[in-house]
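Below, each chain spelled out in residue letters.
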Amino acid sequence: MAKYAAPGRSGGIVSFRDQYDHFVGGEYVPPARGFYFDNTTPVTGEVFTRVARGTAEDVDHALDAAHGAARAWGRTSAEERATVLSEVADRIEDNLEVIAVAETWDSGRPVRETLFTDLPAAAEHFRYCAAVVRAQEGGISRCDGDLVAHHFHEPLGVVGIAVPWTSALLTTAWHLAPALAAGNTVVLKPSEHTPASVHVLIGLIGDLLPPGVLNVVTGFDVEAAAPLAANRRVAKAVVVREPTRWTPTVYFADLTERQDDRYTDALDGFAGFTLNRASTALVQNRAYDHFLLDATARIGAIRLGDPLDPATTAGPQVSATHLARVLTRIDQCDRDGARLVMGGDPVELGGGYYVAPTIFETDQKTRVVHEDFTGPLTLVSRFDDADDAVKIANEGPRCPSASVWSRDNGVAYRTGRAIRAGRVWVNNHPPHSGSLGERRELLESYQHTKNMVVAY
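Model, not experiment: these values are computed from the prediction.

Caption draft 1: Quick peek at the overall build of the chain. In terms of helices and strands, the chain carries 14 helices and 21 strands. At 24 Å, the chain has a C-alpha radius of gyration in line with the 23 Å of a compact globule built from 456 residues. Summarising its shape, the C-alpha atoms of the chain cover approximately 70 × 65 × 40 Å along the three principal directions. Within the chain, the fraction of its 456 residues that count as buried is 55%. Just so you have it, the chain exposes about 18900 Å², and 49% of that area is on carbon and sulfur atoms. Put simply, the chain has 44 plus and 58 minus side-chain charges, and the middle of one group is 4 Å from the middle of the other.

Caption draft 2: Region of the structure containing the sheet that holds strand 18 (residues 377-383). Pairing in this open sheet of 7 strands is mixed, and the strands run 14-17-18-13-12-19-20 from one edge to the other. The open sheet has two edge strands, strand 14 (339-342) and strand 20 (421-426), and neither has a second partner. Going from strand to strand, the sheet's axes swing by 25 degrees on average, the running direction of each strand aside. Relative to strand 19 (residues 399-405), strand 12 (residues 248-251) is paired through 3 bridges, and the arrangement is parallel. The residue of strand 19 that forms the bridge with threonine 249 is serine 403. The strands that helix 12 (residues 386-395) touches are strand 12, strand 13 (279-284) and strand 18; relative to strand 18, the one it contacts most, it runs at about 140 degrees.

Caption draft 3: Just the sheet that holds strand 6 (residues 139-144), in detail. Read from one edge to the other, the open sheet built from 3 strands follows the order 6-7-21, with strand pairing classed as antiparallel. Looking at the sheet topology across the chains shown, the edges are occupied by strand 6 and strand 21 (447-455). In this sheet, neighbouring strand axes are inclined to one another by 25 degrees on average, regardless of whether the strands run parallel or antiparallel. Pairing of strand 6 with strand 7 (residues 147-155), which is carried by 5 bridges, proceeds in the antiparallel orientation.

Caption draft 4: Main features of the environment of isoleucine 205. Relative to the assigned elements, isoleucine 205 resides in helix 6 (residues 195-205). What makes isoleucine 205 buried here is its relative accessible area of 1%. Through-space distance from the C-alpha of isoleucine 205 to that of arginine 142 is 44 Å; in sequence the pair is 63 residues apart. Apart from the residues lying within four places of it in its own chain, the contact partners of isoleucine 205 are Val88 and Arg91.

Caption draft 5: How the structure looks around the environment of valine 186. Secondary-structure assignment places valine 186 in strand 9 (residues 185-189). The exposure class assigned to valine 186 is buried, which follows from its relative accessible area of 0%. C-alpha of valine 186 to C-alpha of asparagine 215: the two residues are 29 residues apart in sequence and 6.1 Å apart in space.

Conventions we followed
The residue numbers shown here count from 1 along each chain, following its written sequence. This being a predicted model, a pLDDT of at least 70 is required before a residue's local features are given, and a value of 80 or more before pairs of side-chain atoms are given or counted; all residues contribute to the totals for chains, interfaces and linings. The basis for every side-chain value is the complete set of non-hydrogen atoms in the structure, without hydrogens or water. Runs of H or I in DSSP of at least four residues are treated as helices and runs of E of at least two as strands, each being numbered from the N terminus. Values of the radius of gyration come from C-alpha atoms, whereas the globule rule sets the reference at 2.2 Å times the count of residues to the power 0.38. With a 1.4 Å probe rolled over the protein chains alone, any residue whose accessible area is under 20% of its type maximum counts as buried; one over 50% counts as exposed, and the rest are partly exposed. Note on areas: Shrake-Rupley, 1.4 Å probe, and residue coverage restricted to the protein chains presented here. Counted as positive: Lys and Arg. Counted as negative: Asp and Glu. His and the chain ends are not counted at all. We put the charge of a Lys on NZ, of an Arg on CZ, of an Asp on CG and of a Glu on CD. A pair of strands is considered paired only if DSSP assigns at least 2 bridges between the two. For helices, the fitted line uses only the C-alpha atoms of the stretch in contact; every axis is such a line through C-alpha atoms, and the angle between N-to-C directions lies from 0 to 180 degrees. Every residue pair with non-hydrogen atoms within 4.5 Å of one another is taken to be in contact.

Pasting the structure below:
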């Protein structure tokens, strides 16, 4: 595939507006206090549009619109809502390249990931929620004699959703689809780093929804989302933060016994975490040198460059501020005694916010190992046996997820059970679209069950 032209340039398939207001009640409205901020692309460091900076007044205006639409949207049939969500999925798939290039320019995420992974998964998630809500049934139970209890799935009402810049559009779809499928109206707050790509998406799907069902207020960051999260007029507030909890990945020595697909998958997983999520790799002693050599070779083959080129596997950091955070963390690892294996330096490339993928080696069981943030950094540490790996993994705070790689299913099972994590992946990577059970639970989290007891 040829490299995509930059938005707004000759041959570009995306053109951003010069300015984006808030999207409220089905139309764009200027911010109450007239404040805007510059939206910069991490690819070149250039300002490419201005975006409305929201305040509490803008949130209240969006909530007015959402409450105004809530009753009618909540009473639509599951079939009607499913049809709308399926149309949203169709619209995303019909404009896949446009949306993918927009997100790449906005966030720096390589177009090969936005185009072939994130946006197809986003469309599929809308389609999945449409199918689940269409098939969802209530319940009935007999209490005593002629006393019968009916159970109905109902929307919560108005929900507020604030999403981070990490996989911005996929994360938006991950929460927006079930919220709308359940019959809620939404006030959405994109990250201040990636609001323009969300506006491109809204510009393509906004007409499919009745006015007020989906509202977008921009310009305050996720950590400062109190006007939305704490508002009493919000039935449910979801603030999705940038991942900050460490994700240990345990590699047992038997993995290196054969150079097969499982070993390749493990190395690919190592590279994926290094690029997208700072984390810690725990490698068994007797295979440590061999695995580290292959892993560094895999990282060395990564192509850091213009994310609009489909051949690029690693793009820039999302902002100058985040680049500074990554470099500060690298410096901290160095000061704490970790040994630099590769990378660690910023890369001058077209004025963008680039840093080389970085690997540190450490034997310390300290904050270097157990703190995490999003960035191209992996720490590698040794362990002796399964008990030692579990001990290291559990010395840190409980983590949301972990991975275990081994050819011995018994070892993998016992290790996975012993690690204190909400979810453990064994011999595979966490998928972008999540498990079916997880997605169904997410839909149900945007509903409540009304119990109506009737004496017949």
